[in-house]
Amino acid sequence: MSTLKLKPLYTATAKVRGGREGSVESSDGALKHDLKIPKELGGPGGAGTNPEQLFAAGYGACYESALANIARKEGVKLQDVEITSNVLIGKDESDGGFKLAVKLDVKLPGIERSVAEDLAKKAHDFCPYSKATRGNIEVELNVL
């Protein structure tokens, strides 16, 4: 029995087999990929994705939706928004393992810089991925 307090509106489920050299598939079959360790991490690279790419895709999509929500509430019309979510993995000197950091590049064409920065910050406060990572990993907002 689950001890989670959150009352879910939706549950995403994915099965992973074989870890970083295996495969991942969502319960509805919409997501189905082989996993490969990138060459930069000592793996073979090649066809396949990795956990960092999947996290970058999820975070970027969630953040852009949060940004659209905040802009709509504030009466700001957005066009041609582009979020580039960079997920970095590096050594964790504290335990010899690895840790993540995220840099979100936010392009809001036609929006005054101060307004764009305000929207970006408010979206970061609102985004579920940002809430989940807050205090756990470095996240940098870069309004372009």
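As the structure is a prediction and not an experimental result, all values here were calculated from the model.

### Description of the layout of surface pockets
Link 1 in the chain: One number sums up the size of the largest pocket: a volume of about 740 Å³.
Link 2 in the chain: Listing elements by their share of the lining of the largest pocket, those giving two or more residues are strand 1 (14-17), strand 2 (23-26) and helix 1 (51-73).
Link 3 in the chain: No other element matches helix 1, which puts three residues into the lining of the largest pocket.
Link 4 in the chain: Partitioned by chemical class, the residues of the lining of the largest pocket number 14 nonpolar, five polar and two charged.

### Digging into the pairing of strand 2
Link 1 in the chain: The alternating pattern of strand 2 places Val24 and Ser26 on a buried face, while none of Ser23 and Glu25, on the opposite face, is buried.
Link 2 in the chain: Sheet topology note: the strand 1/strand 2 ladder contains four bridges and is antiparallel. Within strand 2, the position partnered with Lys15 by the bridge is Glu25.
Link 3 in the chain: Between strand 1 and strand 2, which pair antiparallel one after the other, the connecting turn spans five residues, and Gly18 there sits at a positive phi close to 85°.

### Describing helix 2 (residues 113-126)
Link 1 in the chain: Helix length check: helix 2 (14 residues) gives 20 Å between terminal C-alpha atoms against 20 Å at 1.5 Å per residue, within 8%.
Link 2 in the chain: Along helix 2, the residues that are buried comprise Ala116, Leu119, Ala120, Ala123 and His124. Seen end-on, helix 2 carries its buried residues on one side only, within an arc spanning 135°.
Link 3 in the chain: For helix 2, the secondary structure elements touched by its buried residues are helix 1, helix 3 (128-133) and strand 6 (138-143).

### Examining the environment of Glu52
Link 1 in the chain: Relative to the helices and strands, Glu52 resides in helix 1.
Link 2 in the chain: Not counting residues up to four positions away in its chain, the partners in contact with Glu52 are Arg20, Val87, Ile89 and Leu100.
Link 3 in the chain: Polar side-chain contacts of Glu52 include one of 2.5 Å to the side chain of Arg20.

### Topic: the packing of helix 1 against helix 2
To describe two helices that pack against each other, one gives the angle between their axes and the distance between the axes.
Link 1 in the chain: Where helix 1 meets helix 2, the closest approach of the two axes is 8 Å, and the angle between their N-to-C directions is 120°. Judged by the twist between their axes, the crossing of helix 1 over helix 2 is right-handed. Of the residues in helix 2, those touching helix 1 at Tyr59, Tyr63, Ala66, Leu67, Asn69, Ile70, Ala71 and Lys73 are Leu119, Ala120, Lys122, Ala123, His124 and Phe126.

Reading the values: the criteria
Residues numbered from 1 in each chain as written. Predicted model: local features only at pLDDT ≥ 70, side-chain atom pairs only at ≥ 80, totals over all residues. Heavy atoms only, no water. 1 Å grid on protein atoms, 1.4 Å probe; cavity = no way out; pocket = protein on both sides within 12 Å on 5 of 7 lines; lining within 4 Å. Points joined across faces, edges and corners; volume = space filled by probe spheres on them. Helix = DSSP H or I, 4+ residues; strand = E, 2+ residues; numbered from the N terminus. Nonpolar A, V, L, I, M, F, W, Y, C, P; charged D, E, K, R; others polar. Buried < 20%, exposed > 50% of the residue type's maximum accessible area, 1.4 Å probe, protein only. Pairing = 2+ DSSP bridges. Expected span 1.5 Å × (residues − 1). Arc of directions from axis to C-beta. Contact = heavy atoms within 4.5 Å. Polar contact = N/O pair within 3.5 Å; in protein donor to acceptor, adjacent residues only side chain to side chain. Axes fitted to C-alpha atoms, helices over the stretch in contact; angles between N-to-C directions. Left-handed = near helix turned anticlockwise from the far one by under 90°.

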